[in-house]
Amino acid sequence: MSSTTALRTLQTGHVGLNVTDLDRSVDFYRAVLGLQLTARGTDPDRRYAMLGRDGRLVLTLWQQSTGTFSTTTPGLHHLSFEVEGLDEVRATEDLLRALGAEFAYDGVVPHGEGSASGGIFFSDPDGIRLEVYTRTGVDETTAEAPHTDAPTCGFF
């Protein structure tokens, strides 16, 4: 395999998620991430929603699954969303608590990599693991990292 690539730039595009209840998930992601509904498929056999922000598609939700998110099979581990500062992380935490979201850890925790980054770890209505974090402002004086020898986000 060659060590060079033809890709000159690379960034994550939108993320597509299977959900069990499209309306519930649209409401959740709009409330928590401040996304706007940009398109919706209403065919009963092909329901989907596209959510974006600032003219850019961020998330596509597909109502084509049953059950809850599996953390024991290969595939997605978690989705992480970066915000500008600790105040935004804490405001998101307050909103999620009001929505009754399930948290992996209590409150804001630093990442276990020794940087000043950290955030909150929680699940969406289908059990998909999510993180909202900031790169700065979180350290051991804010809270203790639950895993000091590995990335915090890897073990929830």
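Residues numbered from 1 in each chain as written. Predicted model: local features only at pLDDT ≥ 70, side-chain atom pairs only at ≥ 80, totals over all residues. Heavy atoms only, no water.

1. Re the pattern of salt bridges
Thinking step 1. What the rule picks out here adds up to 6 salt bridges.
Thinking step 2. Two residues, R40 and D23, come together in a salt bridge whose shortest N-O distance is 3.0 Å. Within this pair, whereas R40 is found in strand 2 (residues 36-41), its partner D23 is found in helix 1 (residues 22-33), the two being separated by 17 residues in sequence.
Thinking step 3. One salt bridge connects D126 with R24, and the closest N-O pair in it is separated by 2.9 Å. One end of the pair, D126, is in the loop between strand 8 (118-123) and strand 9 (129-134); the other, R24, is in helix 1, and 102 residues separate them in sequence.
Thinking step 4. By relative accessible area, R24 is classed as partly exposed at 34%.
Thinking step 5. Three or more residues joined by partner-sharing salt bridges are found here, namely D23, R40 and R47. (Salt bridge = Lys/Arg side-chain N within 4 Å of Asp/Glu carboxyl O. Helix = DSSP H or I, 4+ residues; strand = E, 2+ residues; numbered from the N terminus. Buried < 20%, exposed > 50% of the residue type's maximum accessible area, 1.4 Å probe, protein only.)

2. Remarks on the packing of aromatic side chains
Thinking step 1. Scanning the entire structure with this criterion turns up 4 aromatic pairs.
Thinking step 2. Aromatic side chains Y48 and W62 sit 5.4 Å apart centroid to centroid with 40° between the ring planes, which places their arrangement in the tilted category. With Y48 in strand 3 (residues 48-53) and W62 in strand 4 (residues 56-63), this residue pair connects regions lying 14 residues apart in the sequence.
Thinking step 3. For W62, a relative accessible area of 33% corresponds to the partly exposed category.
Thinking step 4. A ring pair is formed by F103 and F122, whose centres lie 6.3 Å apart and whose planes are at 50°; its orientation type is tilted. One end of the pair, F103, is in strand 6 (residues 102-103); the other, F122, is in strand 8, with 19 residues separating them in the sequence.
Thinking step 5. With relative accessibility at 17%, the residue F103 sits in the buried group.
Thinking step 6. One residue, R97, lies across the ring of F103, its end atom 4.3 Å from the ring centre. (Phe/Tyr/Trp six-rings, centres within 6.5 Å; stacked < 30°, edge-to-face > 60°. Lys NZ or Arg CZ within 6 Å of the ring centre and 35° of its normal.)

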